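The chain contents come next:
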Amino acid sequence: MTEELEKDYTMALFSRNRAGILNRITSVFSRIKLNIDSLNVSETENQGVYRYSVRVHTTEKLIRRITKQIEKQVDVLKAVFATDDLIVQQEVALYKIPSSVMIDDIQTEDIIRAHNAKILRIHREYTVIEKTGHKHETQALFDELQPYGILEFVRSGPISIGKLNY
Amino acid sequence: MFRAENSTLKQIINNNWQQIDDEIVAEKSIKLLGAEAIIKCLIAEDVEIMFGYPGGAIMPTYDIIHQYQQQIKHILVRHEQGAAHAAQGYARASGKVGVCIATSGPGATNLITGIADAQIDSTPLVCITGQVHKDLLGTDAFQETDIIDISMPITKWNYKITEASEIPKVLARAFYIAKSGRPGPVLIDITKNAQIEFLDFTYKKCKQVNSYLAEPTPRLQAIKEAAAIINTAQKPLVVFGQGVILGKAEAEFKSFLEKSGIPAAATIMGISAIDNQHPNYVGMLGMHGNYAPNLLTNECDVLIAIGMRFDDRVTGTLDTYAKNAKVIHLEIDDSEVNKNVPVDVAVIGNVKHTLPQITKRINSNQHPDWFAKFAALGKQEFDTVIKHDLNPSKDEISMPEVINLVNELTDSQAIIVTDVGQHQMAACRYAQFKQSRSLITSGGLGTMGFCIPAAMGAKLGRPDRTVVGIVGDGGVQMNIQELGTIMQSEIDVKIIILNNEFLGMVRQWQELYFDKRYASTVMSNPNYQKLAEAYDIASVKVSQREQLKTALQSMFAHQGAYLLEVMVGQENNIFPMISPGTSVSDMRLK
């Protein structure tokens, strides 16, 4: 059999808020030793309904199978997947850098401006910068700040919304 | 791509979203102890019998079981695995939900193999486990184990009850989920405090769960397409599974076959859905199934799969499976469609409803030339295998001749319960059935130790029928402790040990694929007659062919449980066989 092409897929899973439901969902992935690249859970516009945004890298055949196996779970309301061209995505990243470089080094200001990043907090010791965007955008800022010394860095998984209106 | 599903989601949400929480509208509630509420729920669900074993965290509920023993029977097993398999046997013989009950910790974990078996073979079970007091959860308390997480991948649904007030609603839902749609096991873990607190009790059966669609509505278009394809087929083949039995669709299935004139072959789980003597029935599929249906799967031009899931033991390698055929799949569980075999038309729904829709759209037909091919290959199998299996030239008794005598002496009316291994394949190949729900075997999980407890459950589910357990000398020693249950509860099961002093199926593979290196497959067995005597169960051992029929006759004439040990040929193989990784059309006759 020919090897199928692997791609990034984003799944949107909807469930009621029940203890243990996340385990039921993740066991469908762990059963076949498929790594979840990112996972975000939040309440939707419908109270009591939670949306799980899951990113995985796999084949179309497997994503179809997994999606059905998740949707089959009694407490899951709906499970769907999409490729990147069909969704709008966003991520957020936080960077903690020493405040000294903000004070001493004029170039950090240019970097922050150029990347359209926000400063969230200035402390005597450190400054927290926020940047939203695609992964390559938050990564670009990371790469530019790195020479000045990044004390701490965190990036959310992408959250996504379908392009088609309904 | 998110659009379609979001609109469906809206529908689901708008569709009485509040209903779930408002399901129980207290009319005339009564104050009850949680433990008593549990038993009241079981009675309300028409549970007549449950299988279980007491222990610390479930003791308050056992106290109530004792009080209600006139209304609901409790069978004390000897190991919780026995309770789970007994509940399975009960469910599969009777068509009702099987109930088992155990304590926390080891009691709960001992159920696991039975639950996994029920999950893969779609058997409706409600398993109730005690749990430590809710304040002790997560503290590694005595006999605390996280059975919810442990059982998650092998249950259709599970839930931990920590408040008495949850009991009626959750148990109502448990029964509904276990038996509706594609059935399966549900585990409800109930903390000790929930059993000893009071609640305002009122019970209402659950009729829907809005995040769960039990039976999808069939698409008319798919039905029409399926009928159109069937009408043009020259060499169609039906492969059917347990879906026919679970959907209680035996009559609809028979009508479909008789109108369409299509040959039909069963998976191991589908056997007994139709009389084996029916002219359309062409035998069993799979690794040790019949020659003709396996070979001709790769020749058929339309393959109609009915309530089956294309298990790898049925398909052999998928690379060559049914490549000449358009595939129509009638299935209640959408996640089974396109899982292993790509299909041309999927008819999603309960086959009880979809089959008549198709039947009325197809032409009455016959396929005499096609049937002749089955007959020709069937003759080859008969001449090479079956003839010798049933009339061995050697002195040693063969497994098939024992099964054949069971057919004769029970008029093929018995429920046959098997264990796992060579004897299982012999039983599935040679047992004859005239009514549905007559073969109870561990198909998907292949659980050794299944036979004795499942046979007990089957007999209690259908006391009117003869129940024959067919078991090997290996499998009988897993869960042999249940002979104690048979003794105490006086369960009239006839157990036949087909003893070849080997773990026969593994030995067969060692002979064929591991150069006869019999690694850990030689068995030294106990004296089964002494063992049976210790349990006050009648037992006889037979090693000569001339004693066999009389021994079986005495067994069937005996009132009460009976253990018949038959010494069979030690190194006999089960043929035909599809070697692992090969095609159904490469099935070997010897």
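Being a predicted model, the structure only gives us computed values, none of them experimental.

Criteria and cut-off values
Each residue is numbered by its place in its chain's sequence as written, counting from 1. Note on labels: chains are lettered from A, ligands numbered from 1, in written order. Totals for whole chains, interfaces and linings use every residue, but because this is a predicted model, local features are given only for residues with pLDDT of at least 70 and side-chain atom pairs only at 80 or more, for both listing and counting. By convention in this description, side-chain values take in all heavy atoms of the structure and omit both hydrogens and water. Comment: elements are numbered from the N terminus, with helices defined as DSSP H or I runs of at least four residues and strands as E runs of at least two. Only C-alpha atoms enter the radius of gyration, while the globule expectation follows 2.2 Å times N to the 0.38, with N the number of residues. Only protein chains enter the calculation, and the probe is 1.4 Å; a residue is then buried if its accessible area is under 20% of its type maximum, exposed if over 50%, and partly exposed in between. Following DSSP output, two strands are said to pair if at least two bridges run between them. Interaxial angles span 0 to 180 degrees and are taken between N-to-C directions of axes, which are lines fitted to C-alpha atoms, for helices over the stretch in contact. Only heavy atoms matter for contacts: two residues are in contact if any of them lie within 4.5 Å across the pair. Oblique is the label for every angle not falling under 35 degrees (roughly parallel), over 145 degrees (roughly antiparallel), or within 65 to 115 degrees (roughly perpendicular). Two helices that cross are described as forming a left-handed crossing if the nearer one is turned anticlockwise from the farther one by less than a right angle, and a right-handed crossing if clockwise. In this classification, Asp, Glu, Lys and Arg are treated as charged, Ala, Val, Leu, Ile, Met, Phe, Trp, Tyr, Cys and Pro as nonpolar, and every other residue, Gly included, as polar. A residue counts toward a patch only above 30% relative accessible area and without a salt bridge, and it is joined to like-charged neighbours within 9 Å or, for Val, Leu, Ile, Met, Phe, Trp and Tyr, to nonpolar neighbours within 5 Å. Calculation of accessible area relied on Shrake-Rupley with a 1.4 Å probe; when residues are assessed, cover is drawn exclusively from the protein chains displayed. Should a side-chain nitrogen of Lys or Arg be within 4 Å of a carboxyl oxygen of Asp or Glu, the pair is scored as a salt bridge. Here a pair means two rings of Phe, Tyr or Trp (six-membered ring of Trp) with centres within 6.5 Å. Their orientation is stacked below 30 degrees between planes, edge-to-face above 60, and tilted elsewhere. Between the first and last residue of a helix there are one fewer steps than residues, each counted as 1.5 Å, and that sum is the expected span. It is the directions from the helix axis to the C-beta atoms whose arc is reported. What qualifies as a polar contact is a pair of N or O atoms within 3.5 Å, subject to a donor-acceptor requirement within protein and to the restriction that residues adjacent in sequence count only when both atoms come from side chains. pLDDT expresses how confident the predictor is about each individual residue, on a scale running from 0 to 100.

A.B. asks: Can you tell me about the overall build of chain A, naming the residues and giving the values?
C.D. replies: Broken down by element type, chain A carries five helices and nine strands. Secondary structure elements of chain A, listed N to C terminal, follow the sequence β-α-β-β-α-β-β-α-α-β-β-α-β-β. Its C-alpha atoms give chain A a radius of gyration of 19 Å, clearly above 15 Å, the size a compact globule of 166 residues would have. Taking the principal axes of the C-alpha coordinates as reference, chain A spans close to 60 × 45 × 35 Å. Per-residue burial over chain A gives 43% buried out of 166 residues.

A.B. asks: Give a description of unusual backbone geometry that names residues and reports values.
C.D. replies: One can expect most non-glycine residues to show negative phi and most peptide bonds to be in trans. All names here are of chain B. Put simply, F575 and P576 share a cis peptide bond, and its omega is 0°. On the secondary structure map, P576 appears in the segment after β20 (562–567). A positive phi angle, near 50°, is found at F310, a position not held by glycine. Locating F310 in the fold gives a position in the loop between β12 (302–306) and α15 (312–315).

A.B. asks: Can you lay out the sheet that holds strand β4 (residues 98–102) of chain B for me, pointing to particular residues and giving the numbers?
C.D. replies: Residues and elements named next belong to chain B. Across the sheet, six strands lie side by side as β3-β2-β4-β5-β7-β6; this open sheet has parallel pairing. This sheet does not close on itself; its edge strands, each paired only once, are β3 (73–76) and β6 (157–161). For this sheet, the mean angle separating the axes of adjacent strands, direction not counted, is 20°. Examined bridge by bridge, strand β2 (residues 49–52) and β3 share four bridges and lie parallel to one another. Note on β3: the bridge partner recorded for I49 is K73. Docked against the sheet, helix α7 (residues 112–120) engages β5 (125–131) and β7 (185–191), running at close to 145° with respect to β7.

A.B. asks: I'd love a proper account of the packing of helix α5 (residues 80–94) of chain B against helix α20 (residues 451–461) of chain B, names of residues and values included.
C.D. replies: All names here are of chain B. Interaxial distance between α5 and α20 falls to 6 Å at its minimum, and their mutual angle equals 40°. Relative to α20, the element α5 is oriented oblique. Judged by the sense of rotation from one axis to the other, the crossing of α5 with α20 is right-handed. Along its contact with α5, which presents G82, H85, A86, G89, Y90, A93 and S94, the element α20 presents P453, A454, M456, G457, A458, L460 and G461. Here the contact of α5 with α20 is built from residues that sort into eight nonpolar, six polar and no charged.

A.B. asks: Help me get a handle on a nonpolar patch on the surface, residues and values and all.
C.D. replies: All names here are of chain A. Among the surface-exposed residues, L22, L39 and V41 lie close enough to one another that they form a single nonpolar patch of about 210 Å² accessible area. Residue position: V41 is located in strand β2 (residues 36–43). According to the relative accessible area criterion, V41 is partly exposed, its value standing at 39%.

A.B. asks: Could you give me a rundown of the packing of aromatic side chains, with the residues and numbers involved?
C.D. replies: Residues and elements named next belong to chain B. Counted by the stated rule, this structure contains 14 aromatic pairs over all chains. Judged by centre distance (5.9 Å) and plane angle (80°), the ring pair of F310 and Y321 falls under edge-to-face. Pair noted here: F310 is in the loop between β12 and α15 and Y321 is in the loop between α15 and β13 (326–331), with a separation of eleven residues, a long-range link. By the burial criterion, F310 is buried, and Y321 matches it.

A.B. asks: So, the packing of helix α3 (residues 34–44) of chain B against helix α4 (residues 59–67) of chain B: which residues are in play, and what are the values?
C.D. replies: A pair of packed helices can be characterised by two numbers: the angle between their axes and the separation between those axes. Residue and element names in this part refer to chain B. Contact geometry for α3 and α4: axes closest at 8 Å, N-to-C directions at 55°. Put simply, α3 runs oblique to α4. Seen along the crossing, α3 lies across α4 with a hand that is right-handed. Packed against α3, whose contacting residues are A35, E36, I38 and I39, the element α4 presents P60, T61, I64 and I65 at the interface.

A.B. asks: Hey, could you go over helix α2 (residues 60–71) of chain A for me, with residue numbers and the actual values?
C.D. replies: Residue and element names in this part refer to chain A. Taking 1.5 Å as the rise per residue, α2 with twelve residues should run 16 Å; its terminal C-alpha atoms sit 16 Å apart, in good agreement. Of all the positions in α2, only I63, I66, T67, Q69 and I70 are classed as buried. End-on, the buried residues of α2 take up no more than an arc of 165°, which puts them together on one face. Where α2 is buried, its residues meet β1 (6–16), α1 (21–30), β3 (49–59) and β4 (76–82).

A.B. asks: Which residues make up the side chain of B:T447, and what are the values?
C.D. replies: All names here are of chain B. Take T447: it is sitting in the loop between β16 (439–440) and α20. The exposure class assigned to T447 is buried, which follows from its relative accessible area of 5%. Among the polar contacts made by the side chain of T447, one reaches the side chain of D117 at a distance of 2.6 Å. Contacts of T447, omitting those with residues within four sequence positions, involve Q81, H85, T113, D117, D419, V420 and S442.

A.B. asks: Please give an account of the sheet that holds β16(B) that cites residues and values.
C.D. replies: One key point about sheets: their strands pair by backbone hydrogen bonds, in either a parallel or an antiparallel sense. Residues and elements named next belong to chain B. Spatially, β16-β15-β17-β18-β20-β19 is the arrangement adopted by the six strands of the open sheet, whose pairing is parallel. Edge positions in the sheet fall to β16 and β19 (538–542), since each of these pairs with one other strand and no more. Pairing analysis gives four bridges linking strand β15 (residues 415–418) to strand β17 (residues 467–472), with the strands arranged parallel. When the sheet's bridge partners are listed, V417 is paired in β17 with G469. Against the sheet, helix α18 (residues 399–410) engages β15, β17, β18 (494–499) and β20, with an angle of about 160° to β18.

A.B. asks: Tell me about the confidence of the model for chain B, and please be specific about residues and values.
C.D. replies: Residue and element names in this part refer to chain B. Mean pLDDT over chain B stands at 95; residues scoring 70 or higher make up 95%. The low-confidence segment residues 15–26 (pLDDT under 50) makes 23 contacts with residues lying over four places distant or belonging to another chain. The ipTM for the predicted assembly is 0.88, set against a pTM of 0.94.

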